[in-house]
Structures are given as structure tokens and as C-alpha cells.
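Chain by chain, the residues:
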Amino acid sequence: MPKPNLSSASVDALLQLRDEIAEVLTHRAALLREELSKLGQQIGSKGKVRGSSLKGRKVPVKFRDRSGNTWAGRGAQPVWLREKLKAGAKLEDFAVHKTGASRKASSKKRRRAKR
């Protein structure tokens, strides 16, 4: 299909071209939605489509300050921690240290990862 010269086309011709393009795009979008819904049904029956297996899982707190703010060490550093680190504090100052008894209890719960 040759490229039309849009600069010399009339306003009516441009409006008609715009309407034709919108119709083609609408039809193509409907086809793609239909294909995606079929694909989603196939994948949905077998398992998750996307997302991390860790998303939403609670993890123990790794960092805490004196005012009670906590951070598990996942994601971006919270504002309270960034500000204190800029002020000169060290990350280790906020680390929550486990005692020996809690380490022994948690080691019993560990399972070996499947391969």
C-alpha cells in the first residue's frame, strides 16, 4: 500500500482516514482481548499467570528504631531510615539481633528447598 501524501490531503479526507484507522484499531483490540481471555483461562487453570511467590508474604522485621518504626529489609528504604542514615547513623545500629534461643527455634522450622 503506497503512503498517502497527508500534507496535500483535504480535511474531509483526513477525517475519513482517521475514522477508518479508529475502526481498524477497535477491531484489532477486540481480537486481542478475545485471545488474551482464552489464554488467561488456559493459564488460570494451571496456576498463576504472573506475580512473585513472595508477594504478600510476611517476613520478620530486620531493622527497628527507638520510636518503633520497622523495616523488613525489602523494597526501598523507608524515609525514617534514609534520614537517619544521612544524619550519620549506620544501618547496623538499627538491626534487630536474634538471640541464640530464637535461632535454634527457627532452625527447626527450616525446610530444604525443592530442586
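Residues numbered from 1 in each chain as written. Predicted model: local features only at pLDDT ≥ 70, side-chain atom pairs only at ≥ 80, totals over all residues. Heavy atoms only, no water.

### Some remarks on the overall build of the protein chain
A count of helices and strands for the protein chain gives three helices and two strands. For the protein chain, the N- to C-terminal ordering of α and β elements is α-β-β-α-α. Taken over 115 residues, the protein chain has a buried fraction of 6%. Long-range pairs, those at least 24 residues apart, make up 23% of the contacts in the protein chain between residues at least 6 apart in sequence. (Helix = DSSP H or I, 4+ residues; strand = E, 2+ residues; numbered from the N terminus. Buried < 20%, exposed > 50% of the residue type's maximum accessible area, 1.4 Å probe, protein only. Contact = heavy atoms within 4.5 Å.)

### Let's talk about the nonpolar core
Counting five residues, the largest nonpolar core consists of Phe-63, Trp-71, Trp-80, Leu-81 and Phe-94. Look past the residues within four positions of Trp-71 in its chain and what remains in contact with it is Val-61, Lys-62, Phe-63, Ala-76, Gln-77, Pro-78, Trp-80 and Leu-81. (Core = buried A, V, L, I, M, F, W, Y, C linked by side-chain atoms within 4.5 Å.)

### Let's talk about the environment of Arg-64
On the secondary structure map, Arg-64 appears in strand S1 (residues 63-64). Considered as a pair, Arg-64 and Ala-95 are 31 residues apart in the sequence and their alpha carbons are 6.5 Å apart. Setting aside residues no more than four positions away along its own chain, Arg-64 makes contact with Asn-69, Thr-70, Trp-80, Phe-94 and Val-96.

### Overview of the environment of Glu-92
Along the chain, Glu-92 falls in the loop between helix H2 (79-86) and helix H3 (100-109). Owing to a relative accessible area of 55%, Glu-92 belongs among the exposed residues under this scheme. Each C-alpha atom of the pair Glu-92 and Phe-63 lies 8.4 Å from the other, and the pair is 29 residues apart in sequence.

### Topic: the confidence of the model for the protein chain
Averaged over all residues, the pLDDT of the protein chain equals 81, while 76% of them reach at least 70. Highest mean pLDDT in the protein chain belongs to H2 (94); lowest belongs to H3 (54). (pLDDT = per-residue confidence, 0-100.)

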